[in-house]
Amino acid sequence: MDTVTLMDAAPAPMVLIGPDERIAAANGAAEEVFGPVIRGYHYITALRQPALLDCIDEAFAAQEPRTIRLPIRDSTWDIIFNATAAPIVDRGGLLLFLEDVSHVEEASQMRRDFVANVSHELRSPLTAIMGFIETLRGPARDDPEAQDRFLGIMECEAKRMNRLIRDLLSLSRVEAEERRMPTGHVDVSSLASSVVENFEAQAKAKGVALGLSGTETPVYVRGSADQLMQVFTNLMENALKYGGDRTNVEVTTRSSDPELHCSAVHVTVRDNGDGIDPRHISRLTERFYRIDTHRSRETAGTGLGLAIVKHILNRHRGRLSIRSELRSGSSFAAVLPLSEE
């Protein structure tokens, strides 16, 4: 078996540079990165990446392996490689090997963004609480009216931090279980009815009329009752927060979904609020993403509710369907495959 055949069997990009510094062989994965016609060319002409060329030059000069981080950008993709240039001592030449580490870089960036977002979310209420404590110990020490007002604000900020920590823990648990399909069987019609019943008092206080339809017949899915209850609760909370006072919120359950090519059930929560600009819809399930940051914090939002919904539905092999038009309200549908049993 020759060298070219062995290289073609490798999934990672590999380039063999001969003693004459020309490309002696390149597998298919390498040709996808550097182009289909590089064999026979000098490596400087064929590879055309200054950092990579320096790495190869150093490896040739020192006769020792060299590794660099190599981002490759094209009009359709952006990949980050660890490129290793390893001299072939007994035969001359050099073997270039590229390891795709894009997923590692993305995970690292996600962790950095997550820590930055959590720090930012906690900093505001902590700063407010510390400021009020300083005021209560100083100018407001003998002012009962100011003390009551400041303590009320401190309580709200503490509750906000508590909600954030609660949602972070919930998101962490959901992500840990996301790849394990639930084993229980749940009647989503019953869950939808329970959620509407739980929010009746809150809706009445806001002058919102709740509607419920399609729950007369049990509809079973394979899932976790607690997690699906959390999905419907989060969707209902959002509808009441952002749907406006003295409007309507409709909860409907219906079966079948031709888009999934399988038997499924939709549990849809629709409000008659201001609607959502289409440019925001694709990002609504991102952690901490808010359309209106100031309004969201005033309404006690943490920016994690729909992220939790997305991960729970992923675990249940379902999806979240969002439809909205400005000034025409929004609908959020949890789409779940029906249980086969």
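Worth saying up front: this structure is predicted, and the values here are computed from it rather than measured.

### Examining the overall build of the protein chain
- Scanning the protein chain from terminus to terminus reveals 12 helices and 12 strands.
- In summary, the protein chain has a C-alpha radius of gyration of 29 Å against a globular reference of 20 Å for 341 residues, an excess of more than 25%.
- Sorting the 341 residues of the protein chain into buried and exposed places 41% on the buried side.
- Once local pairs closer than 6 in sequence are excluded, the contacts in the protein chain between residues at least 24 apart make up 58%.
- Accessible surface for the protein chain amounts to roughly 19,100 Å². Of this, 51% is attributable to carbon and sulfur atoms.
- Distance between charge centroids for the protein chain: 4 Å, based on 39 positive and 49 negative side chains.

### Section: the pairing of strand β12 (residues 330–337)
- Taking burial as the measure, the eight residues of β12 include seven buried ones, the bulk of the element.
- Summarising the sheet, strand β11 (residues 319–324) and β12 pair through six bridges and their orientation is antiparallel. Note on β12: the bridge partner recorded for R319 is V335.
- Between β11 and β12, which pair antiparallel in sequence order, lie five residues; one of them, R327, sits at a positive phi of approximately 65°.

### Here we look at the packing of helix α6 (residues 144–177) against helix α12 (residues 305–315)
- The contact between α6 and α12 brings their axes to 9 Å, and the two run at 20°. Taken together, the axis directions place α6 and α12 in an arrangement best described as roughly parallel. α6 and α12 meet at a crossing whose hand is left-handed. Touching D167, S170, L171, V174, E175 and E177 of α6 are A307, I308, H311, I312 and R315, all from α12.
- Per-class residue counts for the contact of α6 with α12 are five nonpolar, two polar and four charged.

### A short note on the environment of S330
- Residue position: S330 is located in strand β12.
- Through-space distance from the C-alpha of S330 to that of R270 is 5.7 Å; in sequence the pair is 60 residues apart.
- If sequence neighbours within four positions are ignored, S330 has contacts with V269, R270, D271, G275, I276, R323 and S324.
- Here the side chain of S330 touches S324 through a polar contact of 2.7 Å, side chain to side chain.

### Quick word on the nonpolar core
- With 45 residues, the main nonpolar core has V188 and F232 as its most contacted residues.
- Looking at this core, the elements that each hand over two or more residues are α6, α7 (188–198), α9 (225–242), β9 (248–257), β10 (262–271), α12, β11 and β12.
- Residues in contact with V188, not counting those within four places in the same chain, are V219, V221, L228, F232, V265, V267 and L336.
- Ranked by size, the runner-up nonpolar core spans 25 residues in total, among them C55, I56, I72 and A83.

### Some words on unusual backbone geometry
- With a phi close to 55°, Q63 is a non-glycine residue in the positive phi region.
- Residue position: Q63 is located in the loop between α4 (50–62) and β3 (66–73).
- Of note in this structure, R327 is not a glycine but carries a positive phi near 65°.
- With respect to the element layout, R327 can be found in the loop between β11 and β12.

### A look at the confidence of the model for the protein chain
- When the pLDDT values of the protein chain are averaged, the result is 85; 92% of them are 70 or greater.
- By mean pLDDT, helix α11 (residues 293–298) is the weakest element of the protein chain at 52, and α7 is the strongest at 93.

### Let's talk about the side chain of T215
- Take T215: it is sitting in the loop between β7 (209–213) and β8 (220–222).
- Judged by relative accessible area, which is 18%, T215 ranks as buried.
- Looking at T215, its side chain comes within polar contact range of the side chain of S193, at 3.5 Å.
- Those residues in contact with T215, other than ones at most four positions away along the chain, are S189, A192, S193 and T253.

### Quick word on the packing of α7 against α9
- Viewed as axis vectors pointing N to C, α7 and α9 meet at an angle of 45°, and their least axial separation amounts to 10 Å. On the basis of the axis angle, α7 is oblique to α9. In this structure, α7 meets α9 at a crossing whose hand is right-handed. Two secondary-structure elements touch here, α7 through V188, L191, A192, S194, V195, V196 and N198 and α9 through A225, L228, M229, F232, T233 and M236.
- The residue makeup of the contact of α7 with α9, split by class, is 10 nonpolar, three polar and no charged.

Reading the values: rules and limits
Sequence order sets the numbering: in each chain, residues are counted from 1 along the sequence as written. Where local features are concerned, this predicted model is filtered to residues with pLDDT of at least 70; where side-chain atom pairs are given and counted, the filter is 80 or more; whole-chain, interface and lining totals use all residues. The side-chain values count all of the structure's non-hydrogen atoms but skip hydrogen atoms and water molecules. Labels follow the DSSP assignment, with helices taken as runs of H or I lasting at least four residues and strands as runs of E lasting at least two, numbered in each case from the N terminus. A radius of gyration in this sense is built from C-alpha atoms; the matching globule rule multiplies 2.2 Å by the number of residues raised to 0.38. Only protein chains enter the calculation, and the probe is 1.4 Å; a residue is then buried if its accessible area is under 20% of its type maximum, exposed if over 50%, and partly exposed in between. Contacts are residue-level and defined by heavy atoms, with any inter-residue pair within 4.5 Å sufficient. Where accessible areas are quoted, they stem from the Shrake-Rupley method and a 1.4 Å probe; at the residue level, only the protein chains shown are allowed to cover. Within this scheme the basic residues Lys and Arg register as positive and the acidic residues Asp and Glu register as negative, but His and the chain ends are omitted. The location of each charge is read from NZ of Lys, CZ of Arg, CG of Asp or CD of Glu. One requirement defines pairing of two strands: DSSP has to find at least two bridges between them. For helices, the fitted line uses only the C-alpha atoms of the stretch in contact; every axis is such a line through C-alpha atoms, and the angle between N-to-C directions lies from 0 to 180 degrees. Angles below 35 degrees are treated as roughly parallel, those above 145 as roughly antiparallel, those between 65 and 115 as roughly perpendicular, and all remaining angles as oblique. Throughout, a crossing is termed right-handed when the near helix is turned clockwise from the far one, and left-handed when it is turned anticlockwise from it by less than a right angle. Each residue gets one label: Ala, Val, Leu, Ile, Met, Phe, Trp, Tyr, Cys and Pro are nonpolar, Asp, Glu, Lys and Arg are charged, and the others, such as Gly, are polar. Polar contacts, as counted here, are pairs of nitrogen or oxygen atoms within 3.5 Å of one another; within protein the pair requires one atom able to donate a hydrogen and one able to accept it, and residues that are adjacent in sequence qualify only if both atoms are side-chain atoms. Among the buried residues, those of types Ala, Val, Leu, Ile, Met, Phe, Trp, Tyr and Cys that are joined through side-chain atoms within 4.5 Å form a nonpolar core. On a range of 0 to 100, pLDDT expresses the predictor's confidence in each residue.

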